[in-house]
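These are the residues of each chain, in order.
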Amino acid sequence: MFCVIYRSPQREQTYLYVEKKDDFSRVPEELLRGFGKPQLAMVLSLDKRDKLANADINKVKQGLSDQGYYLQIPPPVESLLNIHLDQSKKV
């Protein structure tokens, strides 16, 4: 299984995985509007891989087969204030 990965010009660390190059036919129009004009990042074979750098390979494969795409978004930014308050409670 191959996938093509595109980066978002509008959203940092956001990537869209699709099955075929420049085929966004199964990607919802609203998602594409928020994503911006996809910029080709790489073409990748998933067959002989156990993992990916920043995405769960099983979720990527499942998304590609079920929906025709997988959207990788960055993890939420942790609030330093919340971390500090949580640590203060432990003292």
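Residues numbered from 1 in each chain as written. Predicted model: local features only at pLDDT ≥ 70, side-chain atom pairs only at ≥ 80, totals over all residues. Heavy atoms only, no water.

Chemist: Is there a simple way to think about the overall build of the chain in this case?
Modeler: Counting its regular elements, the chain contains three helices and four strands. Counting from the amino terminus, helix and strand elements in the chain follow one another as β-β-α-β-α-β-α. The C-alpha radius of gyration of the chain comes to 17 Å, more than 25% above the 12 Å expected for a compact globule of 91 residues. Projected onto the principal axes, the alpha-carbon positions of the chain cover approximately 55 × 30 × 20 Å. For the chain, with 91 residues in total, the buried portion stands at 29%. When the accessible surface of the chain is totalled, it reaches about 6,800 Å², and 50% of it is carbon and sulfur. Of note, the chain has its 14 positive side-chain charges centred 3 Å away from the centre of its 12 negative side-chain charges. (Helix = DSSP H or I, 4+ residues; strand = E, 2+ residues; numbered from the N terminus. Rg over C-alpha atoms; globule rule 2.2 N^0.38 Å. Buried < 20%, exposed > 50% of the residue type's maximum accessible area, 1.4 Å probe, protein only. Areas by Shrake-Rupley, 256 points an atom, 1.4 Å probe, with all protein chains shown as cover. Lys, Arg positive; Asp, Glu negative; His and termini not counted. Charge placed at Lys NZ, Arg CZ, Asp CG, Glu CD.)

Chemist: I keep staring at the nonpolar core and nothing clicks. Help me out?
Modeler: Of all hydrophobic cores here, the largest spans eleven residues; its members are C3, I5, Y17, L44, L46, L52, A55, I57, V60, L64 and Y70. Elements with a contribution of two residues or more to this core: strand 1 (2-7) and helix 2 (57-66). Considering every element that reaches this core, the biggest residue donor is helix 2, with three residues. Excluding its chain neighbours within four sequence positions, the residues that come into contact with Y70 are Y15, L16, Y17, A55, K59, V60 and L64. Core analysis: the next-biggest nonpolar cluster, separate from the first, contains nine residues, L16, V18, F24 and Y69 among them. (Core = buried A, V, L, I, M, F, W, Y, C linked by side-chain atoms within 4.5 Å. Contact = heavy atoms within 4.5 Å.)

Chemist: Quick question: what am I supposed to make of the layout of surface pockets here?
Modeler: Over the atoms rolls a probe the size of a water molecule, and its path tells where empty space is left. The volume enclosed by the largest pocket comes to roughly 210 Å³. Broken down by secondary-structure element, the contributors of at least two residues to the lining of the largest pocket are strand 1, strand 2 (15-18) and strand 3 (39-45). With three residues, strand 3 is the largest single contributor of residues to the lining of the largest pocket. Classifying every residue of the lining of the largest pocket by side-chain character gives eight nonpolar, two polar and two charged. (1 Å grid on protein atoms, 1.4 Å probe; cavity = no way out; pocket = protein on both sides within 12 Å on 5 of 7 lines; lining within 4 Å. Points joined across faces, edges and corners; volume = space filled by probe spheres on them. Nonpolar A, V, L, I, M, F, W, Y, C, P; charged D, E, K, R; others polar.)

Chemist: I keep staring at the pattern of salt bridges and nothing clicks. Help me out?
Modeler: Where charged atoms from two side chains of opposite charge approach closely, those side chains can pair. Counted under the stated rule, the structure contains one salt bridge. A salt bridge links E19 to R26; its shortest N-O distance comes to 3.3 Å. Judged by its relative accessible area of 40%, R26 falls in the partly exposed class. (Salt bridge = Lys/Arg side-chain N within 4 Å of Asp/Glu carboxyl O.)

Chemist: Would you mind showing me how to read the sheet that holds strand 3 here?
Modeler: Backbone-to-backbone hydrogen bonds join strands into a sheet, with any given pair of strands oriented parallel or antiparallel. If you walk across this open sheet you meet the four strands as 3-1-2-4, and the pairing is antiparallel. The open sheet has two edge strands, strand 3 and strand 4 (69-72), and neither has a second partner. Averaged over all pairs of adjacent strands, the angle between strand axes in this sheet comes to 20 degrees, irrespective of strand direction. Two strands pair when backbone bridges link them, and strand 2 and strand 4 are joined in this way by four bridges, in the antiparallel orientation. (Pairing = 2+ DSSP bridges. Axes fitted to C-alpha atoms, helices over the stretch in contact; angles between N-to-C directions.)

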